[in-house]
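If you want the building blocks of each chain, they are given just below.
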Amino acid sequence: MFLNIKTLILALVFSTAVVAQETGGTENTETNPQQDQKGPGRNVGNIEFGPYFPIAFGDNFVTDGMDLKMGGRLSLKINAFKDFYVGPYFSFFKGNVTDRELLGNYSHTTNYVVGGILGYEKHINKFDISLGLGVGAASYNNRGSGDGFRDTATAVWLNPEVSYRFTTYLGFYVAPEIRHDFMNIDVPTELEDTFKGANYLNISIGLRINLGTAYKYL
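Residues numbered from 1 in each chain as written. Predicted model: local features only at pLDDT ≥ 70, side-chain atom pairs only at ≥ 80, totals over all residues. Heavy atoms only, no water.

A. Inspection of the overall build of the chain at higher detail. Each helix and strand in the chain was counted, giving five helices and nine strands. What you see in the chain, going N to C, is helices and strands ordered as α-α-β-β-α-β-β-α-β-β-β-β-α-β. Scored against the burial criterion, the 218 residues of the chain give a buried share of 39%. Of the roughly 11600 Å² that the chain leaves accessible, carbon and sulfur atoms contribute 62%. (Helix = DSSP H or I, 4+ residues; strand = E, 2+ residues; numbered from the N terminus. Buried < 20%, exposed > 50% of the residue type's maximum accessible area, 1.4 Å probe, protein only. Areas by Shrake-Rupley, 256 points an atom, 1.4 Å probe, with all protein chains shown as cover.)

So this is what it looks like as structure tokens:
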């Protein structure tokens with residue numbers, strides 16, 4: 001499954017680069033400064049980054065045995081077709097182990113997700129509203145006293161988002177995220193329900209950089 005996820009991520013990154021290149025080429029060959037001033041311009045996409053607050057819920061090993069800490073989130077959205085976008089995604093957070101009897105002899109973990117997103121976005125006055133779906137490879141890098149190991153998972157998430165433009169190309173966003181990690185952990189049968197997956201309600205608030213001349217006319 002991880003091979004399929006990595007293939008999907010590579011495909012998304014490649015498509016992002018192709019779309020960006022085509023957008024740049026179109027701008028050079030089909031427009032001139034006078035047309036750019038009159039609009040309507042082009043929506044290339046946006047870059048978002050900010051803090052990432054993880055909240056685990058449900059009956060699973062993260063909820064029962066960890067105290068989660070703030071992390072960070074970074075995404076690049078490229079307008080692929082009309083109001084649809086695609087792009088790469090990265091997030092991380094940390095957690096301290098509170099129940100070693102349940103989780104084992106380690107003290108803390110750092111979770112990373114590298115994946116891709118696709119979704120739909122609409123612009124209403126100075127607001128940008130979108131709904132995205134993502135999939136990626138998750139890694140739990142566990143550390144103890146002088147030792148460490150790694151657990152892996154496939155992460156899937158749904159990501160509604162609202163952003164507000166306070167200048168043409170800058171804004172701030174609020175992005176709640178419902179995420180489930182399908183864990184790849186071998187445990188005894190009686191612990192499978194606890195370790196087979198983890199549920200999160202994550203919240204990110206941060207800065208958005210808009211790309212393209214279309215934002216001058218919205």
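B. The arrangement of the side chain of Asn46 in detail. Along the polypeptide, Asn46 turns up in strand β1 (residues 45–53). Leave out the neighbours within four places in its chain, and Asn46 touches Ser75, Leu76, Lys77, Glu121, Arg208, Ile209, Asn210, Leu211 and Tyr215. (Contact = heavy atoms within 4.5 Å.)

C. Examining the environment of Ser91 more closely. Following the sequence through the fold, Ser91 ends up in strand β4 (residues 84–97). We classify Ser91 as buried; its relative accessible area is 0%. Spatially, the C-alpha atoms of Ser91 and Val113 are 5.3 Å apart, while their sequence positions differ by 22 residues. If near-sequence neighbours (up to four positions away) are discounted, Ser91 is found in contact with Tyr52, Gly72, Arg73, Asn111, Tyr112, Val113 and Arg179.

D. Up close: the nonpolar core. If you look at the biggest cluster of nonpolar residues, it comprises 22 residues, and the most contacted ones within it are Phe61, Val62, Met66, Leu103, Tyr140 and Tyr200. Those elements giving two or more residues to this core turn out to be α3 (61–65), β3 (66–81), β4, β5 (108–124), β6 (127–143), β7 (148–165) and β9 (197–211). Sorting elements by how many residues they give to this core places β4 first, with four residues. (Core = buried A, V, L, I, M, F, W, Y, C linked by side-chain atoms within 4.5 Å.)

E. Region of the structure containing the pairing of β3. Here β1 runs beside β3; their pairing, made up of eight bridges, is antiparallel. Its bridge partner being in β3, Asn46 is matched across the sheet by Lys77. As paired elements, β3 and β4 share eleven bridges and run antiparallel to each other. Along β4, the bridge assignment pairs Leu68 with Gly95. Linking β3 back to β4 in an antiparallel pair, the connection comprises two residues, with Lys82 at a positive phi of about 55°. (Pairing = 2+ DSSP bridges.)

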